[in-house]
Amino acid sequence: MSAATNETSLTGADIVLKALRDQGVEVIFGYPGGAVLPIYDALFQQNDIRHILVRHEQAALHAAEGYARSTGKVGVVLVTSGPGATNAVTGLTDALMDSIPIVCLSGQVATHLIGNDAFQECDTTGITRPCTKHNYLVKDVNNLARTLHEAFYVAKNGRPGPVVIDIPKDVQFAEGTYRSPADSMPKSYRPQVKPDLNRVEEAIDLLAKAKRPIFYVGGGVINAGPVASQLLTQFVRMTGYPCTTTLMGLGAYPASDRQWLGMLGMHGTYEANLAMHGCDVMVCIGARFDDRVTGKVSEFSPNSVKIHVDIDPSSINKNVRVDVPIIGDAAHVLEDMIRIWKARGKQADKAALAEWWEQIEFWRARDCLRYDKTPKIIKPQYALERLRAAISGRDDVYITTEVGQHQMWAAQFLPFDKPNHWMTSGGLGTMGYGLPAAIGAQVAHPDALCIDVAGEASILMNIQEMATALQYRLPVKVFILNNQYMGMVRQWQELLHGGRYSESYSEALPDFVKLADAFGGVGLRATEVSQVDDVIAEMIKVKRPVIVDMCVDQKENCFPMIPGGRAHNEMLLGPDEKVENATPEDGMVLV
Amino acid sequence: MTARPSPFASTAIERHTISILVDNEPGVLARVIGLFSGRGYNIESLTVAEVDRDATLSRVTIVTSGTPMIIEQIKAQLGRLVPVHRVHDLTLEGPFVERETALVKVAGTGEKRVEALRLADVFKARVVDATITSFVFEITGQGEELDRFIGLMAELGLVGVSRTGVVAMSRGPGGI
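Residues numbered from 1 in each chain as written. Chains lettered and ligands numbered in written order. Predicted model: local features only at pLDDT ≥ 70, side-chain atom pairs only at ≥ 80, totals over all residues. Heavy atoms only, no water.

### With respect to the overall build of chain A
The following threshold applies: Starting at the N terminus, helices and strands are each numbered in turn, a helix being any DSSP run of H or I of at least four residues and a strand any DSSP run of E of at least two. Computation of the radius of gyration draws on C-alpha atoms alone. For the globule rule, the value is 2.2 Å times the number of residues to the power 0.38. Contacts are assigned to residue pairs that have any heavy atoms within 4.5 Å of one another. Accessible surface is estimated by sampling points in the Shrake-Rupley manner with a 1.4 Å probe; for residues, cover comes only from the protein chains shown. In this tally, Lys and Arg are treated as positive and Asp and Glu as negative; His is ignored, and so are the chain termini. Charge coordinates come from a single atom per side chain, which is NZ of Lys, CZ of Arg, CG of Asp or CD of Glu.
A count of helical and extended segments in chain A gives 22 helices and 20 strands. The globule rule puts the C-alpha radius of gyration for 591 residues at 25 Å, and the 24 Å found for chain A is close to it. With the principal axes as the frame, chain A shows a C-alpha extent of 70 × 60 × 45 Å. Long-range pairs, those at least 24 residues apart, make up 76% of the contacts in chain A between residues at least 6 apart in sequence. When the accessible area of chain A is evaluated, it comes to approximately 22200 Å², of which 50% is carbon and sulfur surface. Mean positive and mean negative side-chain charge positions of chain A (56 and 68 charges, respectively) differ by 4 Å.

### Topic: the interface of chain B and chain A
Put simply, the rule is: As used here, buried area is the combined drop in accessible area, with a 1.4 Å probe, of two parts when they are placed together. The salt bridge criterion pairs a side-chain nitrogen of Lys or Arg with a carboxyl oxygen of Asp or Glu, the two atoms within 4 Å. Identification of polar contacts relies on pairs of N or O atoms within 3.5 Å, with a donor-acceptor requirement for protein atoms, meaning one able to donate a hydrogen and the other able to accept it, and with residues adjacent in sequence counted only if both atoms are side-chain atoms. Residue classes follow a fixed rule: Ala, Val, Leu, Ile, Met, Phe, Trp, Tyr, Cys and Pro count as nonpolar, while Asp, Glu, Lys and Arg count as charged, and any other residue, Gly among them, counts as polar.
Facing the 23 residues of chain B at the interface are 28 residues of chain A. Across the chain B to chain A interface the summed buried area is about 2200 Å²; carbon plus sulfur atoms make up 54%. For the interface between chain B and chain A, the tally reads two salt bridges. One salt bridge in this structure joins Asp23(B) and Lys187(A), with 3.4 Å as the shortest N-O distance. If you look at where chain B meets chain A, you find six residue pairs in polar contact (both at pLDDT 80 or more). In terms of residue count, the dominant contributor to the side of chain B that touches chain A is helix 2 (residues 68-79) of chain B (four residues). Its residues placed into classes, the side of chain B that touches chain A shows 11 nonpolar, seven polar and five charged.

### Side note on the domain arrangement of chain A
Residues and elements named next belong to chain A. The test is simple: The start and end points of each domain follow an automatic or database-based domain assignment.
When cut into domains, chain A gives domain 1 (3-183), domain 2 (197-364) and domain 3 (380-551). The C-alpha centroid of domain 3 is placed 30 Å from the C-alpha centroid of domain 1. Each side of the interface is counted separately: domain 1 has 25 residues, and domain 3 has 27 residues. Taken together, both faces of the contact between domain 1 and domain 3 bury some 2000 Å²; the carbon and sulfur share is 58%. Three residues, Arg-55, Arg-69 and Ser-70, lead the burial of domain 1 against domain 3; their summed loss comes to 30% of the area buried on that side. Along the contact surface separating domain 1 from domain 3 lie zero salt bridges.

### Some remarks on the pairing of strand 17 (residues 449-455) of chain A
Residues in a regular strand project their side chains so that they alternate between the two faces of the sheet. Residue and element names in this part refer to chain A. Let me state the cut-off plainly: Per-residue accessibility, obtained with a 1.4 Å probe over protein chains only, is compared with the maximum for each type, and a residue is labelled buried under 20%, exposed over 50%, and partly exposed between these values. At least two bridges found by DSSP between two strands are what make those strands a pair. Crossover handedness is defined here as right-handed if the route from the first strand over the helix to the second strand goes clockwise, with the strands pointing away from the viewer.
When you tally the buried positions in strand 17, you get seven out of seven residues, the bulk of the element. With five bridges connecting them, strand 15 (residues 397-401) and strand 17 associate as parallel partners. Within the sheet, the bridge partner assigned to Val-397 lies in strand 17 and is Leu-449. Relative to strand 18 (residues 477-482), strand 17 is paired through five bridges, and the arrangement is parallel. If you follow Ile-451 over to strand 18, its bridge partner there is Lys-477. With helix 19 (residues 466-471) bridging strand 17 and the parallel strand 18, this β-α-β connection has right-handed handedness.

### A word on the packing of helix 4 (residues 57-71) of chain A against helix 5 (residues 83-97) of chain A
Residues and elements named next belong to chain A. Threshold: For helices, the fitted line uses only the C-alpha atoms of the stretch in contact; every axis is such a line through C-alpha atoms, and the angle between N-to-C directions lies from 0 to 180 degrees. Helix crossings fall into two classes, left-handed where the near helix is turned counterclockwise from the far one by less than a right angle and right-handed where it is turned clockwise.
At a minimum axis separation of 7 Å, helix 4 and helix 5 run at an interaxial angle of 35 degrees. Viewed along their axes, helix 4 and helix 5 form a crossing whose handedness is right-handed. Residues Glu-57, Gln-58, Leu-61, His-62 and Glu-65 of helix 4 lie in contact with helix 5, whose contacting residues are Pro-83, Gly-84, Asn-87, Ala-88, Thr-90, Gly-91, Leu-92, Asp-94 and Ala-95. In terms of residue class, the contact of helix 4 with helix 5 is built from five nonpolar, six polar and three charged.

### A word on the sheet that holds strand 5 (residues 102-108) of chain A
Residue and element names in this part refer to chain A. Read across the open sheet, the six strands follow the order 3-2-4-5-7-6; overall the sheet is parallel. Looking along the sheet, the strands with just one partner apiece sit at the ends: strand 3 (50-53) and strand 6 (134-137). Each strand of the sheet is rotated relative to its neighbour by a mean of 20 degrees, with strand direction disregarded. Where strand 4 (residues 75-79) and strand 5 come together, five bridges link them in parallel fashion. Across the sheet, the residue bridging to Val-76 is Val-103, located in strand 5. Most of the contacts of helix 3 (residues 37-44) go to strand 4, to which it runs at about 125 degrees, and overall it touches strand 2 (27-30), strand 3, strand 4 and strand 7 (162-168). Against the sheet, helix 5 contacts strand 4, strand 5 and strand 7, and its axis sits at roughly 160 degrees relative to strand 7.

Quick look at the structure:
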């Protein structure tokens, strides 16, 4: 970029648009208001960047997350001051917990009014400080371009996360100088991407000597780009070792592969959890030993040497002590691991590995996801199995979820063979995530099949986004597993609170078919097994937004389950297992 | 199968003095403090002031306590804050000096007043304000030294104390 371009004087609003263009932004999700009108005016006068008008700012964040997770790009959001910013907080926290790169621009009252309790004023940087990776208040228009570029750098480098830029209205009107991205590197913040090779050598040594090894893989591998997933798959196959993934890591390793043990953790598979418990060498790549994964920390994988690969040094030794920490980008580390494994002529201990697989196959034979088939009542698992059958073989399917039982069933029953095709609120567990996230994914992939697997309670938290789907002709499919309960809450009340279903039954649900109709979409319903396939086929065929009301067994619980405060080898496999004292007293306080 | 013994096995609570170089920009202190309160870490003392005007850098000195694993977490969490340039654990990195200043106001007359002045002399505290009935002493030293002086003054008419918190620096020629 020439010096002359750099010196062009532009209004703050035009600087915002130019910076977004220079960052390669094609679409932003937002909602206008008084404090961002100048930016909306600049948006109106250009055609490069598309704006998707959501119906609630929280949904703008989730849509941007869906966009980011399905493309690997930074999701961009534009909201106004005050309530616009506070409504964004849930989405920002969600993106922070799940390490999703987001740049969120918020309007702010004019600089001379800041601190005066002006109309629609809030302390946006104060409120969002703990729920963003970083945030900025730009008081001088001449710092605006640099700050915007820096925000993109921070959002996507290192462990990704959301960044807020708060822009007072007078700064949007003021004229200032533009700076190019190359001219705007931050003074600090240089995350380490290349690992310490001595540590990688050490890890490879341990791995080659392992008798009962396991790969434990998280969303960090997906964040490191598709190449990281390819390298992971290559390395896992090269070693012949078993691999399990977290909820966030689904798709990093092909689910159809025999070496994949399924998801691990609270509702993970029997074989994955027992393999974690019994392994002697664990390689954790891009996961963070979350409490949903570890169960009782003091009894987590008690006899293993732990290798932990993460780009964020603060993830290492946070919950679980590890023996070989490797700081770096997953793709770089995996590349080095493969190279060193080959160069040192390493081989798995064939005899020990055969024995290990025999043990794992024994666990796998328990068929832990088995459920009772019923002739008439639709089991939620059955509905998802039929959905899986209907979408199998397609690689243009993007699945999002809300939060609860349906989310766990979706993770257990749907096939994820590729990264970036699965979007769920893992860390924060945000009900209302799925529909806007599906909208975001559909905006990025207009011809793909984007399905929000939902519960009837969660979907009502952001149901207004049906209007967004209709406005932009986004044919998202909302696949509601309707059991009329907040199912996961009910399940915990059943297991831990003596079956006292306090406030977890939804007394006055809308008719979801009519609701779809009212929004201008298509509503479909199945109430018995014989209707399931037809409804799914129709849902996929219709090229418009669809709500499917899948009326499922109200009492079905999600198994397997590691109750709070229990270890991996203390799973409940089904309703027949003794549930009294499912959770020890000290586990009751756990969420 | 074992790797090297973990340095984080100990559950003993240790006191660490941590020096951080940060961009002197709005909100940076709130970020540091928010990190400690949000994650439940202890702050025994925190001081901050700009140390390089041209580069707009501030130096923060934090005295904290926790198990070795917690201390490691604190440093890693500080290190990933965007405006943080460097994090040094002075306690781990070799000998260092730690100093703190206190202003101590003592009011009284007669023998107590004389004794307060005499003890101030012993502790090399300076008189920075005096009236017929009061003194303000300035004392600089290690924290425990200040504690001892303040403890003695408590019996001699202590009115109030203002302490700066700890500043610290490694010994020898090396910089942060």
